[in-house]
Amino acid sequence: MSLQCGIVGLPNVGKSTLFNCLSNAKAQAANFPFCTIEPNVGVITVPDERLNKLAEIVKPGRVVPATVEIVDIAGLVKGASKGEGLGNQFLANIRETDAILHVLRCFDDDNVVHVDGSVDPVRDKEIIDAELQIKDLETVENRIHRVEKIAQVGNDKQAKIEYDVLMAYKEALGKGKSARSVTFDSKEQQVAARNLFLLTAKPVVYVCNVDEAHAATGNEYVERVREAVKDEGAEVLVVAARTEADIAELETAEERQMFLEDAGLQESGCNRLIKAAYALLNLQTFITAGPMEVKAWTYRKGWKAPQCAGVIHTDFEKGFIRAEVIKYDDYIKYGSEAAVREAGKMGIEGKDYVVQDGDIMHFRFNV
């Protein structure tokens, strides 16, 4: 399952620095706008201690974690919706992503210029929101012109559903609200909404980039961001990108943990961000465990056993018979698949079983 999160923000807010420590790819991080021209793409692993504990028991040939692609996109400036700066390229790149990691500068540093001359993360957020909303409104209005007559005159049910969705979006965007603030009750409307691929409909995590002194506690800038987004249902994460970059350079896990503890942190901001991005996309993990490998497989929350089988191979879904399921805690408690079977703790599940995060699965199929 190929999934992308795009890192966005104004120039010089710390996007590329954050990208570098997330992916260990070395995007150019420089003190001038547009140092990232082409989007840098990094494949990052989703931290999951369960895999390591299972590997200690199973002793497989390899451990394969879940992954998410992170895309570092060129900085956007005011007027991007009209082509200012690298606006058109920015908008094209962000449209291809599944979710947005919106980086906001929440630190003071006279040595790092701000494109608007002063530090104000709420203003910065509103600039990007406005540019994306303008582009979405343009998309919505163009689509309305195409379907309006069909919806009002013809008997095309689908056109009427799409028209109602478009009008709801037009009203919200016209008031300066993002598309994600609009909700629809019917499944048909939800499908029509998704098929529009609006920029502001994408789920978002606001990443407040602070200095090292405020890595654990946040600061006044962060509180202002939290207040500004409190009605959006979005998550706010505090990360000290420069500190995270220093941590990523350390060679051993022990050194990295000591650095974190000195900064008052239990877990790195990068790990927290990766987990938040994974959850943001409504993703969970099931696991296969055997002598060849212990592997994490990504699926959407709420999927049933045959759909998850299809993640491994389409034939598994087509010929699905049943799933043998071991709960992670039971595997750890009993120490082997055989011991779990003996204890009667292995579940035999059919087509209607809703897979749970951390389930250890073995699929039976016939094609």
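Structural data are supplied above this passage.
The paragraphs below set out a description of the structure included in this document. The residue count restarts for each chain, going from 1 along the sequence in the order it is written. Only residues with pLDDT of at least 70 are given local features in this predicted model, and only at 80 or more are side-chain atom pairs given and counted; all residues enter the totals for whole chains, interfaces and linings. Values reported for side chains reflect all heavy atoms of the structure, with hydrogen atoms and water molecules removed beforehand.

On to the layout of surface pockets. Over the atoms, a rolling probe the size of a water molecule traces out where space has been left empty. Definitions used throughout: a 1 Å grid over protein atoms alone; a cavity as a set of points that fits a 1.4 Å probe which cannot get out; a pocket as an open set with protein on both sides within 12 Å along at least five of seven lines; a lining residue as one with an atom within 4 Å of a point. Grid points are joined across faces, edges and corners, and a volume is the space filled by probe spheres set on the points. Space inside the largest pocket adds up to approximately 930 Å³. Along its surface, the largest pocket is lined by 26 residues, and Asp98, Arg194, Ala201, Lys202 and Pro203 are the ones closest to its centre. Per the convention used, a helix needs a DSSP run of H or I reaching at least four residues, while a strand needs a run of E reaching at least two, with both numbered from the N terminus. The element contributing the most residues to the lining of the largest pocket is helix H6 (residues 187–194), with three residues. Taken as a whole, the second largest pocket holds about 620 Å³ of empty space.

Below, the discussion takes up the packing of aromatic side chains. Between rings of Phe, Tyr and Trp, where Trp is taken as its six-membered ring, a pair exists when centres lie within 6.5 Å; planes separated by under 30 degrees are stacked, by over 60 edge-to-face, and by other angles tilted. Under the counting rule described, the total for this entry stands at six aromatic pairs. Ring centres 5.8 Å apart and planes at 90° place the aromatic pair Phe286 and Phe363 in the edge-to-face group. Pair noted here: Phe286 is in strand E8 (residues 283–289) and Phe363 is in strand E12 (residues 360–365), with a separation of 77 residues, a long-range link. There is no split in this pair, since Phe286 and Phe363 are both buried. A connected cluster of aromatic rings, assembled from ring pairs, spans Phe286, Trp297, Tyr299, Phe320 and Phe363. Lys295 extends its terminal NZ or CZ atom over the ring of Trp297, reaching a point 4.0 Å from the ring centre. Burial here depends on accessible area, computed with a 1.4 Å probe over protein chains only, as a share of the maximum for the residue type. Under 20% is buried, over 50% is exposed, and the range in between is partly exposed. Only when the NZ atom of a Lys or the CZ atom of an Arg is both within 6 Å of the ring centre and within 35 degrees of the ring normal do we say a charge sits over the ring.

Turning our eyes to something else, we now look at the nonpolar core. For this analysis, a nonpolar core means a set of buried residues of the types Ala, Val, Leu, Ile, Met, Phe, Trp, Tyr and Cys, connected via side-chain atoms within 4.5 Å. If you look at the biggest cluster of nonpolar residues, it comprises 71 residues, and the most contacted ones within it are Leu18, Leu22 and Leu101. For this core, the element with the most residues is helix H10 (residues 269–280), which contributes six residues. By definition, residues are in contact when any of their heavy atoms lie within 4.5 Å. Dropping the residues within four chain positions of it, Leu18 is found in contact with Val103, Val207, Val239, Ala241 and Leu273. Of all hydrophobic cores here, the second largest spans 20 residues; its members include Val140, Val182, Ala193 and Leu198.

Turning to unusual backbone geometry, a few remarks are in order. With a phi close to 65°, Asn12 is a non-glycine residue in the positive phi region. Here Asn12 shows up in the loop between strand E1 (4–8) and helix H1 (15–23).

Our focus in this paragraph is the packing of helix H5 (residues 157–174) against H6. Lines fitted to C-alpha atoms define the axes, with helix axes restricted to the stretch in contact, and inter-axis angles between N-to-C directions lie between 0 and 180 degrees. Where H5 contacts H6, the axes come no closer than 9 Å and their chain directions differ by 65°. Our classification of the angle between H5 and H6 gives roughly perpendicular. In the crossing of H5 with H6, the sense of the turn from one axis to the other is right-handed. Contacts between H5 and H6 involve Gln158, Ile161, Glu162, Asp164, Val165 and Tyr169 from the former and Glu188, Gln189, Ala192 and Ala193 from the latter. Each residue receives one of three labels: charged for Asp, Glu, Lys and Arg, nonpolar for Ala, Val, Leu, Ile, Met, Phe, Trp, Tyr, Cys and Pro, and polar for the others, Gly being one of them. A per-class count over the contact of H5 with H6 returns five nonpolar, two polar and three charged. With respect to orientation, any angle under 35 degrees is reported as roughly parallel, any angle over 145 as roughly antiparallel, any angle of 65 to 115 as roughly perpendicular, and every other angle as oblique. Whether a crossing is left-handed or right-handed is set by the direction in which the near helix is turned from the far one by less than a right angle, anticlockwise for left-handed and clockwise for right-handed.

On to the packing of helix H4 (residues 121–153) against helix H7 (residues 220–229). Interhelical geometry of H4 versus H7 gives an angle of 40° and a closest axis separation of 8 Å. With respect to H7, the element H4 is oriented oblique. On H7, the residues that touch Pro121, Val122 and Lys125 of H4 are Tyr221, Arg224, Val225, Ala228 and Val229. In terms of residue class, the contact of H4 with H7 is made up of six nonpolar, no polar and two charged.

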